[in-house]
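Here is what each chain is made of, one letter per residue.
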Amino acid sequence: MPITPLMPVYPRCGVRPVRGEGCYLIGEQGERYLDFASGIAVNALGHGHPKLVKAIADQAATLMHVSNLYGSPQGEHFAQRLIDATFADTVFFTNSGAEAVECAIKTARRYHYANGNPQRHTLITFDTAFHGRTLGTISATNQSKMRDGFEPLLPGFAYAKFNDLEGALALIDDNTAGFLVEPIQGEGGIRPASDAFMKGLRKACDEHGLLLVLDEVQAGYGRTGKMLAHEHYGVTPDIAALAKGIGGGFPLGACLATEEAAKGMVIGTHGSTYGGNPLAMAAGEAVLDVLLEPGFLENVTAMGERLRSGLEQMIPNHDHLFESVRGKGLMLGIKLKSDSRRFVAHCRDNHGLLTVAAGENVVRILPPLVIDESHIAECIEKLSEAARVYVPASDD
Ligand SMILES: *Cc1c(COP(=O)(O)O)cnc(C)c1O
């Protein structure tokens, strides 16, 4: 067999979407799927949201791309709105999550360099973390499935157990720059950081002059019912990476930082050809307009509670299969007692329901943030029916 035209790095399934309508995807043969995957937490407004579509179409006709050589009224406006809505004082725009994390790592290193401590370059990261697929971001996880064969990787990372505060603190030494952590691990299996863990990391940062760098690429931007997920913990980061939902499907990411943390990022230290171009800014503004509508985030919380209680009521009826529900807002996971990838495929192929598998045999439920009760009822119905007829593999 010759190599496929698309480099064969993904185990692509048989769903071949050609159109989207709100919370549904439509395949080549007209088959309909309830999309509770949202392109992995990206399509925050669902598919074909009229405000997002119009903003992109209008901006494409007006001005798509210039260069960061020129002034950016579009970027300044959107950055100011992000600053007003978050902890940040300054923003660097990227085209993806990994690039936003890369900028966060660079910003953290430059902070200590600017302070005259260039040896403080190591970020403490965590087991089962996922920060992207660039060489820098795969160096920031200790998962061998992402690292094998790509060595030599980037030095300057140390790895502790997620939610093990003592273990993380024990790794602090003269080379430590700070912590890089997802407030809720997504790929790792919808694992929320504990309150004590997040507060403890913040406290250690304050005591030792370290930076708290959050990867909010999946958990941030309204997904959990808060603008950013760290708001659940009453701690603020120094730097945060955003992407996924921020563009609602348009490739966009952002690295947010406080003025102090960004002190090393002066002219010439970083850049991106596309980052923050007018088209991306228009998409970002349209998504943010919807997110900041009165009651929008409250509705995410309400829908999250409803979905969660629906899942929790369903679980005891299929306790050979389901173990528990976890997560926050509309970033939920069902922990299975057998292979979650196989069950995700069964829901998709036999029941028209799209979800995403994650670590620890978790089924990720990541619906568009615009779902209503009817979509939740349909999801629970499909999941219940899928579970009722499901036969786990005999070797699970
Ligand atoms: C998806 C993800 C990334 C990487 O984003 P890309 O846009 O694929 O580069 C980084 N961190 C987290 C937590 C993610 O979920």
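Residues numbered from 1 in each chain as written. Predicted model: local features only at pLDDT ≥ 70, side-chain atom pairs only at ≥ 80, totals over all residues. Heavy atoms only, no water.

## Concerning the site of the ligand
Inference 1: As a structural note, the neighbourhood of the ligand is formed by Ser96, Gly97, Ala98, Phe130, His131, Gly132, Glu182, Asp215, Val217, Gln218 and Lys244.
Inference 2: One of the backbone N or O atoms of Gly97 is found 2.8 Å from an oxygen atom in the ligand.
Inference 3: Gln218 places a side-chain nitrogen or oxygen 2.7 Å from an oxygen atom of the ligand.
Inference 4: Its free accessible area being 380 Å², the ligand has 81% of it covered by the protein chains. (Near = heavy atom within 4 Å. Polar contact = N/O pair within 3.5 Å; in protein donor to acceptor, adjacent residues only side chain to side chain. Areas by Shrake-Rupley, 256 points an atom, 1.4 Å probe, with all protein chains shown as cover.)

## Some words on the sheet that holds strand S4 (residues 90-94)
Inference 1: Strands sit in the order S4-S12-S11-S10-S7-S5-S6 across an open sheet of 7 strands; the sheet is mixed. Strand pairing shows two members of the sheet lacking a second neighbour, S4 and strand S6 (157-160), which therefore form its edges. Going from strand to strand, the sheet's axes swing by 20° on average, the running direction of each strand aside. (Pairing = 2+ DSSP bridges. Helix = DSSP H or I, 4+ residues; strand = E, 2+ residues; numbered from the N terminus. Axes fitted to C-alpha atoms, helices over the stretch in contact; angles between N-to-C directions.)

## Thoughts on the UniProt feature "binding site: pyridoxal 5'-phosphate" (unreviewed entry) in the protein
Inference 1: When the UniProt feature table is mapped onto this chain numbering, "binding site: pyridoxal 5'-phosphate" (unreviewed entry) sits at Gly97, Ala98, Phe130, Asp215, Glu216, Val217, Gln218 and Thr273. Sequence-wise these annotated residues cover 177 residues; spatially they are dispersed, their C-alpha atoms as much as 25.2 Å apart. Lining residues of the largest cavity drawn from the annotated list: Thr273.
Inference 2: With respect to the helices, strands and loops of the structure, Glu216 is situated in the loop between strand S10 (211-215) and strand S11 (239-242).
Inference 3: Residue classification places Glu216 among the buried residues on the basis of a relative accessible area of 0%.
Inference 4: Considering the arrangement of structural elements, one finds Gln218 in the loop between S10 and S11.
Inference 5: When sequence neighbours within four positions are dropped, the list of residues in contact with Gln218 reads Ile40, Ala41, Gly186, Glu187, Arg223, Lys244, Met331, Arg364 and Leu366. (UniProt positions renumbered as here; feature names shortened; annotations may be inferred. 1 Å grid on protein atoms, 1.4 Å probe; cavity = no way out; pocket = protein on both sides within 12 Å on 5 of 7 lines; lining within 4 Å. Buried < 20%, exposed > 50% of the residue type's maximum accessible area, 1.4 Å probe, protein only. Contact = heavy atoms within 4.5 Å.)

## Overview of the packing of helix H10 (residues 296-314) against helix H12 (residues 373-389)
Inference 1: H12 packs onto H10 with a crossing angle of 20° between their chain directions and a minimal axis gap of 10 Å. On the basis of their axis angle, the class for H10 and H12 is roughly parallel. Between H10 and H12 lies a crossing whose hand is right-handed. Contact residues: Met303, Arg306, Leu307, Gly310, Leu311 and Met314 in H10; Glu373, Ile376, Cys379, Ile380, Leu383 and Ser384 in H12.
Inference 2: Grouping the constituent residues of the contact of H10 with H12 by class yields 8 nonpolar, 2 polar and 2 charged. (Parallel < 35°, antiparallel > 145°, perpendicular 65-115°, else oblique. Left-handed = near helix turned anticlockwise from the far one by under 90°. Nonpolar A, V, L, I, M, F, W, Y, C, P; charged D, E, K, R; others polar.)

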